[in-house]
Amino acid sequence: MTLAPETTDLKVQLQLADGWFTVCDLSRLLPGRGVAALLPDGSQVALFRDRAGKLYAVDNRDPFGGAAVLSRGLIGSQQGRPFVASPLLKQRFDLESGQCLDDETVSIATYEVRAS
Amino acid sequence: MTATLGATPTIVLVGHGMVGQRFLEALAERGMTATHRVVVLCEEPRPAYDRVALTSYFSGKTPEDLSMTDMAFIEEHGIELYVGDPAETVDREAKRVTARSGQVFEYDTLVLATGSYPFVPPVPNKDAEGCFVYRTIEDLLAIEEYAKTRTTGAVVGGGLLGLEAAGALKGLGLTSHIVEFAPRLMPVQVDEGGGAALLRTIEEMGLSVHTGVGTQEIVVDSEGAVTGMKLSDGSELATDLVVFSAGVRPRDQLARDCGLTVGERGGITVDDQCRTVADPHVFAIGECALASDGRVYGLVAPGYEQAETAAATIAADETEQLSFTGADLSTKLKLLGVDVASFGDAHGTAEDCLDVVYSDSRSGLYKKLVIGRDGTLLGGILVGDAEAYGTLKAFTGSVPPVSPESLVLPAGAGESVQLGPTALPDDAIICSCNNVRKGTIRGAVTEHNCTTVPEVKKCTKAGTTCGSCVKVLGQLVTAELEASGVEVDKGLCGCFSQTREELYEIVLALRINTYQDLLDRYGRDGARGGDGCEICKPAVGSIIASLAPTIGADGYVLDGEQATLQDTNDHFLANLQKNGSYSVVPRIPGGEITPEGLIVIGEIARDFGLYTKITGGQRIDMFGARVEQLPLIWTRLVDAGFESGHAYGKSLRTVKSCVGQTWCRYGVQDSVRMAIDLELRYRGLRSPHKLKSAVSGCARECAEAQSKDFGIIATAAGWNLYVGGNGGATPRHADLLAQDLTDTELIKLIDRFLMFYIRTADRLERTSTWLERIPGGLDHVRDVVVEDSLGICEELESLMTDHVAHYADEWATTINDPEKLARFVSFVNAPDTPDPVVGFVPERDQIKPDLPLLSIGMRPAEDVLEGSAQR
Ligand code: SRM
Ligand SMILES: Cc1cc2nc3c(=O)[nH]c(=O)nc-3n(C[C@H](O)[C@H](O)[C@H](O)COP(=O)(O)OP(=O)(O)OC[C@H]3O[C@@H](n4cnc5c(N)ncnc54)[C@H](O)[C@@H]3O)c2cc1C
Ligand code: SF4
Ligand code: FES
């Protein structure tokens, strides 16, 4: 993949309790796919970049199966709302609110994320 | 204890079989359970279950699945059900029934629904160890247990049930024989021509049929266990197990003992209202009853009608007067993968009727319609292809709107028409088991707002018994929905209104080679410019991959945009396991592997600590690889000459082989060589669903080719090609597409078949369901790929040639591409740190996922891993 020059220097950052945490170069995020990041406290975050370049960050754990795999799911949009489908049993989660779209009693944590 | 006659009148039902249960439902529907005490004596150790579907126990149904008795219903209606407590005597004078437990019940009305018992011919040693009948769940449990340590079984009787039983024995792994006294199989239902076609099909399935001979004696060993049977032609048949299926007899002993009238050949004599002729307080329904037309009915549908009649009579509802004066004997064989059906006056006994016959004994086809002088369809027999059964049965008794010939001719033979069920009149009976008419089914959609087949089944009961009407039911529901303006959206998903087939045509015709281009130009209004969804992305990714060389896309699924379309397994070129680890399956074409190959796999598995297992696809699966280990493992595999096995892709999985001619004394062709050739030819081919194949070296079929999407069986003259087989959840035997092909002819035909399937199938539609769905079915596919009726064969072949020429191993490509390799890490910001949730614990000298690690801070474990892996 060739990288668009203006994005090479940008970093993906997550808002944590004690400020912005730098994860990786923006170029590591393929539009339409995710990556996982390890946080200082040992928890895991799934980061995504959609087609329009917007970034999302949610907990990486699949709350149904327990495995830390949400970063490996396919993302999509439904009525303009972005979601990720778990690669395990395909439940979908709203990337902005963390709400599970297939089971209203379940939701996952979301994080503030930016490229700077 | 004596239950005294109180203020509420009492109905005692003896026998809780299928008909007994229906009788209870009919009473409840008429409000009778509220005004009456209802007592049920049930002999079997379990309440009523679906005897018609008994054999499905062997295909995985549990006794609980077969149950027809909803305990909530019994409780709600205050029914007293005594399980395992048969009635022993009836005192009609005192109106009293005594049960085996000693309980005594006084009745106002007694209903006998005691069913039948299997007839066992009085041959010597008929009760020896290893002799069985086929009637109850307990019979099946006993047969299953006994068969575990045996190899051969024989069924006495080649009727409908005998064939079912023989198929079940075969399914239990026994070499199976059928001994039938009559000169043909299913003598009651089919005529000579049908019998011949049926014989051919049954024998091809590997069952041995002995017609025209009787069983004279069961041969036993010194311990008294069956070892064989002596036949009337002087021969002896070695067998470890015998199942008698020589007809049934009404269970009328209880009735005889209390002086009720029974027929000469058995059956409790009743009138049009199912009341016994000897006693107005006693009724008999179901298989134990001799109806007023002088017949005992051995089918469930007439029994249900009798149950309704008796209930209505007992309820004495002035507005509803039912009577039972006779019924239809239409039947369809449910098992064995053979299509046999007969309906109406199948043997043409009416005066002046004529037969319309189509027969092709080579392919085991026989179809006969009996037509009255005025053109009325009176009945018929279908062997080999009973597709039209549901529609024809419903037309019986009326003049069909098209010529009878066109109804039996095969598609493509000029005249044939597909007579849809929409042409049926509203009063045509669609489900004969439950007596449901077309009008009722339409009403379920239009008045009761049912929108799916399961809803309609629940609402009308249609299709809930033998299941032979479900197909027509589905067609009617769809037609009705469409007619009432409910748009049946056939689009692939929320993003595309086109079907997969339409998208394929667009991609191919316009050479569209990116998903975004397709979405932005052909997506639904709201979806254009968006991110798509998890359904259309992999589906379109697969179309682009199968057409890659032709439309100018890169065939490598991790390239550019394609990487973002793949399901997680394709994206990591490995199968995701429940704890986030992956499995690794190298290709082992045809299942043939050298000792060196085995050693390499063994060493790699040992070095990386992987769990190893031989798969059902004749190869080796290594489980428990962490995502960052995948490139390291594959580098070693590729170095040793292995390549991706595509266990993760909707693409060719394995071509299984048997050892074949080279070693096997029966083999007639080199099945291993052919399996390897085919696996190498079609490897990497992306398709709507996975593709599986197998090649057997002779008709013994050790490679199970008939359960594959395309299966090949060697003949002395070449190869037979079977298509549309399936194991898995809904098994289907493959259909013979063409016979005695040369190597070149075989490959050409498979090329065409696969490309035609890839072009026209829906997403996640195996060849089996595709073949069942597409209009014209197998005949249409044969027309297209053998006769080239659409003139597309050349294109299909050239698409396959392109695929074969451009194949490259995905793993070899990946390990040589540093940018792609960078994706194989657990954490983008800590590439050397493994995912801490992925852990293992020991089991039987290997590893297994450490599940407690997954559930830390999680919901309770039983909620986990439910639901479907597919959407
Ligand atoms: C490994 C294996 C079981 C084993 O330990 O033997 C297996 C394992 C899986 N099978 Fe299978 N199947 C395996 C042979 C079979 C067979 C036997 C055969 O191929 O002869 C069948 C029945 C034959 C058939 O497909 O018609 C089979 C019918 C299925 C089905 C049902 C398909 C259907 O049409 O009903 C699924 C589900 C699906 O694909 O939708 C499935 C799905 C799966 C998946 C992919 C489920 C999943 O999504 O995780 C499993 C993943 C394996 C992995 O992680 O590596 N597997 N599966 C076998 C791998 C064979 C191979 O070498 O590639
Ligand atoms: C393998 C198999 C496949 C079949 N396939 C089909 C098919 O495809 N289509 C079709 O129409 N029909 C089929 N049939 C026939 C169908 O099952 C019967 O017609 C139907 O079960 C008859 O119902 P019934 O209630 O009259 O008898 P049953 O279902 O036999 O019930 C009678 C019950 O009464 C009990 N009983 C007997 N005596 C007493 C007593 N003294 N006290 C208490 N209880 C007693 C028996 O134990 C039994 O449980 C099949 C049958 C079998 C065995
Ligand atoms: S299918 Fe025939 S050739 Fe192949 S192993 Fe079995 S018996 Fe031998
Ligand atoms: S005809 Fe048997 S269930 Fe409908």
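These figures come from a predicted structure and were not determined experimentally.

Caption draft 1: Layout of the sheet that holds strand 13 (residues 208-211) of chain B. Residues and elements named next belong to chain B. The sheet built from 5 strands is open, its strands ordered 10-17-11-12-13 with parallel pairing. Edge positions in the sheet fall to strand 10 (131-133) and strand 13, since each has one partner strand and no second. Geometrically, the sheet is characterised by an average inter-axis angle of 20° between neighbouring strands, direction not taken into account. Pairing of strand 12 (residues 175-180) with strand 13 involves 4 bridges; the strand directions are parallel. Bridge pairing links Val179 to His210 in strand 13. Set on the sheet, helix 5 (residues 137-147) makes contact with strand 10 and strand 17 (241-244); between it and strand 10 the angle comes to about 150°. The sheet contacts of helix 6 (residues 160-171) involve strand 11 (152-156), strand 12 and strand 17, and relative to strand 11 the element is tilted by about 175°.

Caption draft 2: Seen up close, the sheet that holds strand 16 (residues 236-238) of chain B. Residue and element names in this part refer to chain B. Read from one edge to the other, the open sheet built from 3 strands follows the order 14-15-16, with strand pairing classed as antiparallel. Two strands bound the open sheet, and with one partner strand each, they are strand 14 (215-220) and strand 16. Ignoring strand direction, the axes of neighbouring strands in this sheet form an average angle of 25°. In this sheet, strand 16 lies alongside strand 15 (residues 226-231) in antiparallel orientation, the contact comprising 3 bridges. When the sheet's bridge partners are listed, Met229 is paired in strand 16 with Leu237.

Caption draft 3: Here's a closer look at the pairing of strand 36 (residues 718-723) of chain B. Residues and elements named next belong to chain B. Extensive coverage of strand 36 is indicated by the burial of 6 of its 6 residues. Of the pairings in the sheet, the one linking strand 35 (residues 710-715) to strand 36 comprises 6 bridges and is antiparallel in character. Counterpart to Ile713 in the pairing with strand 36 is Asn720. Here strand 35 folds back onto strand 36, and the loop between the two strands holds 2 residues. As paired elements, strand 36 and strand 37 (residues 735-741) share 4 bridges and run antiparallel to each other. Bridge pairing in strand 37 places Val723 opposite Asp735.

Thresholds, definitions, all that
- Residues numbered from 1 in each chain as written.
- Chains lettered and ligands numbered in written order.
- Predicted model: local features only at pLDDT ≥ 70, side-chain atom pairs only at ≥ 80, totals over all residues.
- Heavy atoms only, no water.
- Pairing = 2+ DSSP bridges.
- Helix = DSSP H or I, 4+ residues; strand = E, 2+ residues; numbered from the N terminus.
- Axes fitted to C-alpha atoms, helices over the stretch in contact; angles between N-to-C directions.
- Contact = heavy atoms within 4.5 Å.
- Buried < 20%, exposed > 50% of the residue type's maximum accessible area, 1.4 Å probe, protein only.

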